[in-house]
Amino acid sequence: MATSLGLTGPEEEDVVMPCARYKGPVVEYWISLDYAEGTMNCSTVINTGAYLLTVDLEPLAITAGVVEKRGGISFSARNLKQLRKSLLGHADYVPRVHPLLAEPAAAEDLMRQAGARQWTKDQP
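Description of the structure in this document.

How each quantity is defined
- Residues numbered from 1 in each chain as written.
- Predicted model: local features only at pLDDT ≥ 70, side-chain atom pairs only at ≥ 80, totals over all residues.
- Heavy atoms only, no water.
- Helix = DSSP H or I, 4+ residues; strand = E, 2+ residues; numbered from the N terminus.
- Buried < 20%, exposed > 50% of the residue type's maximum accessible area, 1.4 Å probe, protein only.
- Contact = heavy atoms within 4.5 Å.
- Pairing = 2+ DSSP bridges.
- Lys, Arg positive; Asp, Glu negative; His and termini not counted.
- Salt bridge = Lys/Arg side-chain N within 4 Å of Asp/Glu carboxyl O.
- Polar contact = N/O pair within 3.5 Å; in protein donor to acceptor, adjacent residues only side chain to side chain.
- Axes fitted to C-alpha atoms, helices over the stretch in contact; angles between N-to-C directions.
- Parallel < 35°, antiparallel > 145°, perpendicular 65-115°, else oblique.
- Left-handed = near helix turned anticlockwise from the far one by under 90°.
- Core = buried A, V, L, I, M, F, W, Y, C linked by side-chain atoms within 4.5 Å.

Next up on the list: the overall build of the protein. In terms of helices and strands, the protein carries three helices and six strands. Listing each helix as α and each strand as β along the protein from the N terminus yields β-β-β-β-β-α-α-α-β. C-alpha extents for the protein along the principal axes are approximately 40 × 35 × 25 Å. The buried share of the protein, reckoned over its 124 residues, is 40%. For the protein, contacts bridging at least 24 residues in sequence account for 47% of all contacts bridging at least 6.

Pasting the structure below:
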């Protein structure tokens, strides 16, 4: 799916928790696994240079109108079966929202409507 959406990755890291990142020209998808909680999550991220905007995939899909209600995907990762189900559910949402995030201004607007958090980047 990453190739068909024009994404590169995964870039993997394990600083706080395991995370795989897939990057496109405008948007990134960060898939993280929380061992302590037994959950996984997919966040949508835009790097503007001055700050990062990040929002979870499900609220973004609801705001975009490609999903009707909350609770359509699983976040559980307490065993491999649950992790697989959660990953497949999130993977189903990515191609639905990805075309709506192709243009930076529209992507930022949609993410802000979905309640994105803004993180100021340290300037050198």
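Let us look at the pairing of strand S2 (residues 19-23). Sheet analysis places strand S1 (residues 8-13) next to S2, joined by four bridges and oriented antiparallel. Counterpart to Glu13 in the pairing with S2 is Cys19. Looking at chain direction, S2 and strand S3 (residues 27-34) are connected through five bridges and run antiparallel. When the bridges of S3 are listed, Ala20 appears paired with Ile31.

Moving on to the side chain of Glu58. Within the secondary structure, Glu58 sits in helix H1 (residues 57-64). Here Glu58 occupies a buried position and makes no salt bridge, while the nearest side chain of opposite charge, Arg70, is found at 4.1 Å. Polar contacts involving the side chain of Glu58 include one to the main-chain amide nitrogen of Gly72, which spans 3.1 Å. With sequence-adjacent residues up to four places away left out, Glu58 is seen in contact with Lys69, Arg70, Gly71, Gly72, Ile73, Phe75 and Tyr93.

A few words on the packing of H1 against helix H2 (residues 80-97). Contact geometry for H1 and H2: axes closest at 10 Å, N-to-C directions at 40°. Taken as axis vectors, H1 and H2 run oblique relative to one another. Viewed along their axes, H1 and H2 form a crossing whose handedness is left-handed. Contacts from Leu57, Glu58, Leu60 and Ala61 of H1 reach H2 at His90, Tyr93, Val94 and Val97.

Glancing now at the nonpolar core. Residues Tyr29, Leu60, Val97, Leu101 and Met111 are the most contacted members of the largest nonpolar core, which totals 25 residues. At the level of secondary structure, the elements contributing two or more residues to this core comprise S3, strand S4 (39-47), strand S5 (51-56), H1, H2 and helix H3 (104-113).

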